[in-house]
Amino acid sequence: MTVIIAFLTVLGAVAVWWLSRQRLAAKPWLEASPAGSFPDREAVAWPAAKLGLCMFLAVAGSLFAVLISAYSLRMRAADWSSLPGTGLLWINTWLLVLSSLALQWAVVAVQRRDTTRAAAGLGVGGVSALLFLGGQLLVWRQLNAGGFYAESHPASAFFYLITAIHGLHLAGGMLALGRVGARVSMADGDAENVRLSVELCALYWHFLLVVWLLVCGILVLGPWAEWLYAICFGT
Amino acid sequence: MSQDRRWLLGGLAVVFGFVGLFLASRAGHGIFYWIGLIVFLAAVGTIFGFVRAAFDEAEGKAQTPQHLVPLTMLAVAVGSVVFHFLSPWWWSPIASNWGYIDQTIIITFWITGVAFTAIVVFLAYCLYRFGHQAGRRAAYEPESRRLEFWLTMGTAAGVVAMLAPGLIVWSQFVTVPEEAAEIEIVGQQWQWSFRYPGEDGRLGRSDTRLVSNDNPLGLDPNDPNGADDVVVQNVDLRLPVDRPLKVLLRSLDVLHDFYVPEFRAKMDMIPGTVTYFWVEPTRTGTFDILCAELCGVGHAYMRGRVEVMEESQYQAWLQQQPTFAALANGYARVTSRSPDGGEASARSSVR
Amino acid sequence: MVDVTREFQDIERAEPEDVELYHPHSWITKYVFSQDAKVIAIQYSVTAMAIGMVALVLSWLMRLQLGFPGYFTFIDPATYYQFITMHGMIMVIYLLTALFLGGFGNYLIPLMLGARDMVFPYLNMLSYWIYLLAVLVLVASFFTPGGPTGAGWTLYPPQVILSGTPGQESGVFLMLVSLVLFIVGFTMGGLNYVVTVLQARTRGMTLMRMPLTIWGIFTATVLALLAFPALFVACIMLLLDRALGTSFFMPTLVEMGQTLSYGGGSPILFQHLFWFFGHPEVYIVALPAFGIVSDLISTHARKNIFGYRMMVWAIVAIGGLSFIVWAHHMYVSGMHPMFGFFFATTTLIIAVPTAIKVYNWVLTLWRGDIHLTVPMLFAIGFIITFLNGGLTGLFLGNVVVDVPLSDTMFVVAHFHMVMGVAPILAIFGAIYHWYPKITGRMLDEAMGQIHFWVTFLGAYAIFFPMHYLGLMGVPRRYHELGEMAFVPPSAEELNAFITVVALIVGFAQLVFLFNLVWSLFRGREAGGNPWRATTLEWQTPTTPPPHGNWGKELPVVYRWAYDYSVPGAAEDFVPQNQPAPAGAAE
């Protein structure tokens, strides 16, 4: 459970940092303010949608952290054997990187009020994400053909489970991306309206990329990850 | 208090009075009797209070502040303490070396009991003393750092006083003595099986995959350590008195928990792993074995018995048991034949 | 006041120009598929109480079996286990969590913070309907072949999916699917609550001016958002083990003489995941209750809450610590014994901030002007039962003391006292307190008194003696004691006594339900602020507040939430939206 605890510690540190700037040591009963003068309500300056997405990423992050925790807890059992890597996973990883880069490109474009390029970026990002999902299905088929069924060993079961949950998150993101893409292509140069949506899509995509890199590293490079784990936590 | 409300509460008190009478009459025994009587007396007292208040009101006397609530809260605190000391329900006499655990519980009872009584009595006093009166205004007191500091320190001291002995005893609990003899207990839905190490004092390897009709606990036939192991099923567990034992726990199917209330110690059995605890029985006698981890519909029927006996008696019994190797070599399965005859088989599990 | 209107023009979050735009037009969008947090709150609460009644009836049935074993032939071991499982799961998740966060969270967060609504109303509506779906799926398991699962609310594998456990045919599927739905629905709602607290507070509402109710609900929501993923993962993995034959939690095992095809899984892993959610869950239920009780006591004792800052810090500290104590539910699970030292220490440390909260509630009463209204009585009942349950928690948290007591009736008594009775009393107090705001009418006082006394004294009489059954060694989850040499016959009498009291307490809840309905039509008119309280929800222009809550102008906050009996003030309370006299200290 070290991974999830570490993840929550990071979140906790962010929370403490934020709270420490909220004057929690103030004595509120001494601070009644006269009419027309009041302290700022100290709201987070971000738009609600962005804050909401970040909160969701924290939740999704803890979901993946729990999955990885479960995996590493299981991995330390005596009868463990990791899955073989497959070249296809590398291709998929590059596809997802490409997808993320394309969305970042769209963000830059929309910040420059260039909706045409932004739409193109979103298109490239969407297509490469679709290819990634297709590639993941191919990986599944390869593993299945190689005799690694979900029920044959925990390692393969974990692989199917974690990639499936990651894929579902990406597929959910595709729905949002589709809507944003439609709005951008119809925005007709009016970039301000769609800017936030594009940024949020890109943020979500980067998050899923980071998750994928971690997950892929741990799933495929299992022994290596275990070694790293031993160095970090001394078990 | 309005007339309506008084009628309602009075009616309620009458109902409670009858419930109290019913309880007192039902068993006429021990705690039932007392609880019923207390409820009844409380109800009578309440009704009396209402009647008196009604007379006072009719005579035009000033209404006294309501004392019913603080008194009831006080009664809760006092009643809990009285119950604690008078209750006939207390732990069974200990039969193992874990008297320290009982002492830790007693320490905890004292500390928590004092805290509970003090806080509830203080609460009741506040309710009594600071009940609403026309024209009174509450004090204005946002905080008192000093008071909060000392309360925190006091609490921390109480926590340490409970935690420190607890951790010391826990370190004893998890440190198995070198000389402890091993014994294995295996749970399955819904019965107990036992394995003794035999002459060499060592248990052989086992694996759930080897379980079969002839090898009910899945012993490894290739492990020489296991050849002289003694496997018994459907009889009481026998243990020697005054000898530390490392109890190894294994399960073939679901979670179980080997629980002998008189031993105080218990531990779950996890399929796929071997768990353990250690215990030293300190008096002879026969005790119940219960399963303390929900294991399916037969959970409550998963019973057994442990018989703690003198060392010589124990050795004599153990000598008579056939070893695993002997059984594997085709001897008839005689595991249920024990020195004291068929008594044991009657108490076998529901399966 | 002129200044105030001028200030309004600088508010960063632009008000929509026409507030009327918000208003739903048809009956369906107003009362059924409503996006108004208050309507959603009522929907949540009614659903939760309805399913809670089911769980209450289940508890009667199992008490009947325990009190009078053998008399009720329709209750066999299998049905008994189904009853306890459904009772536990419904009460913890579908009643307490849903009611505190979905019910009170939705109603109180926007009103207490001076917002018009939650920030994502559509998501909020979706959250309720998914919750309802989860409840329906759960209820459906009563009507499937084999009935609901009987694995205990902890759903421990391997037994949960093996044939020795009732409901393994389909009940366990429905249970897991229902939990997954609940978590999805809750996450939608939870994101709303958190973002609303962070962003939609009105002008002047700094964090340290928030009522403790909001602090409690806010922290609990954060805990829930981060803890539920662990349960989500555990449910999905268990579902796969059952449906596809994977072996996440399933080791090699021999069931009824048959070696199953599972192998290599770890049952302990499930326990870690479950309790990683399960322990924060205790505080998800407790923290809102802490907050609500703080506000009730302060309001009805006409005194500011003692040590407000300490209360806030304690809530945050408890929230943080609750993530590193989970394995104290697993002391006898066979995990590595060294963990015992760590988790016993963290568990007992968490007692310190909790104790501080109890002291501060009692110290708030000291030199107060205590109105023994029904909400106040419930708050006092909460303090006593929570104190009792919290102190017995020190037994179970102290690892070596837990060894003899775990899995006995002591545990049952402990957690019912601390997270059954106590939070429910807080909920009742809250309902008596806020009902006038929700409906515009007061709940009947006399019925409330009866309800309180029977519930409080009865529940105490049920669970206090139960500890001693556990101390004696009576295991939990036994549908009958049977023959146990160490149990005297008087224990059966105690069981019968507990059952009788449980039935009485159960029926007292009918008085409450009747009161809820009766007062809706016949209750005394409440007015806008019947308790003379300071917080914003009592300062709405109309009662009950309409969609949008505040009419044309959002309220502005000038002071903290506890200005009761301020020296020199005309009244014994000063509402949060009343400015200090000009020239006062800024």
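Our subject is the structure that appears above.
All values reported here derive from a predicted model rather than from experimental measurement.

Novice: Looking at this model, I keep getting lost on the overall build of chain A. Mind explaining?
Specialist: The number of helices and strands found in chain A is 7 helices and 0 strands. Going from the N terminus to the C terminus, chain A shows its helices and strands as α-α-α-α-α-α-α. Of all 235 residues assigned to chain A, the portion counted as buried reaches 49%. When the accessible surface of chain A is totalled, it reaches about 10,900 Å², and 69% of it is carbon and sulfur.

Novice: Any chance you could explain the sheet that holds strand β4 (residues 237-240) of chain B here in plain terms?
Specialist: The strands that make up a sheet are held in pairs by hydrogen bonds between backbone atoms, and each pair lies either parallel or antiparallel. Residue and element names in this part refer to chain B. Read across the open sheet, the 5 strands follow the order β4-β10-β9-β6-β7; overall the sheet is mixed. A single partner strand is all that each edge strand has here, and the edge strands are β4 and β7 (266-269). Each neighbouring strand pair of the sheet contributes to a mean axis angle of 25°, computed without reference to strand direction. With 2 bridges connecting them, strand β6 (residues 256-259) and strand β9 (residues 285-291) associate as antiparallel partners. When the bridges of β9 are listed, F258 appears paired with C291. Running at roughly 135° to β4, helix α6 (residues 311-320) makes contact with β4 and β10 (304-309) of the sheet.

Novice: What is the right way to look at the interface of chain C and chain B in this model?
Specialist: By a widely used convention, the size of an interface equals the accessible area lost when the partners come together. Each partner contributes to the interface: chain C provides 127 residues, whereas chain B provides 108 residues. Counting the surface lost from both chain C and chain B, the interface buries some 10,400 Å², and carbon and sulfur atoms represent 72% of this. Three residues, C:V400, C:Y468 and C:Y478, lead the burial of chain C against chain B; their summed loss comes to 6% of the area buried on that side. At the junction of chain C and chain B, the tally comes to 1 salt bridge. A salt bridge links B:E143 to C:R309, with the nearest nitrogen and oxygen atoms 2.6 Å apart. At the boundary of chain C with chain B, the tally comes to 31 residue pairs in polar contact (both at pLDDT 80 or more). When residues in the side of chain C that touches chain B are grouped by element, the largest group, 15 residues, is from helix α15 (residues 445-472) of chain C. For the side of chain C that touches chain B, the class distribution of residues is 84 nonpolar, 27 polar and 16 charged.

Scoring rules and cut-offs
Residues numbered from 1 in each chain as written. Chains lettered and ligands numbered in written order. Predicted model: local features only at pLDDT ≥ 70, side-chain atom pairs only at ≥ 80, totals over all residues. Heavy atoms only, no water. Helix = DSSP H or I, 4+ residues; strand = E, 2+ residues; numbered from the N terminus. Buried < 20%, exposed > 50% of the residue type's maximum accessible area, 1.4 Å probe, protein only. Areas by Shrake-Rupley, 256 points an atom, 1.4 Å probe, with all protein chains shown as cover. Pairing = 2+ DSSP bridges. Axes fitted to C-alpha atoms, helices over the stretch in contact; angles between N-to-C directions. Contact = heavy atoms within 4.5 Å. Buried area = accessible area lost by both parts, 1.4 Å probe. Salt bridge = Lys/Arg side-chain N within 4 Å of Asp/Glu carboxyl O. Polar contact = N/O pair within 3.5 Å; in protein donor to acceptor, adjacent residues only side chain to side chain. Nonpolar A, V, L, I, M, F, W, Y, C, P; charged D, E, K, R; others polar.

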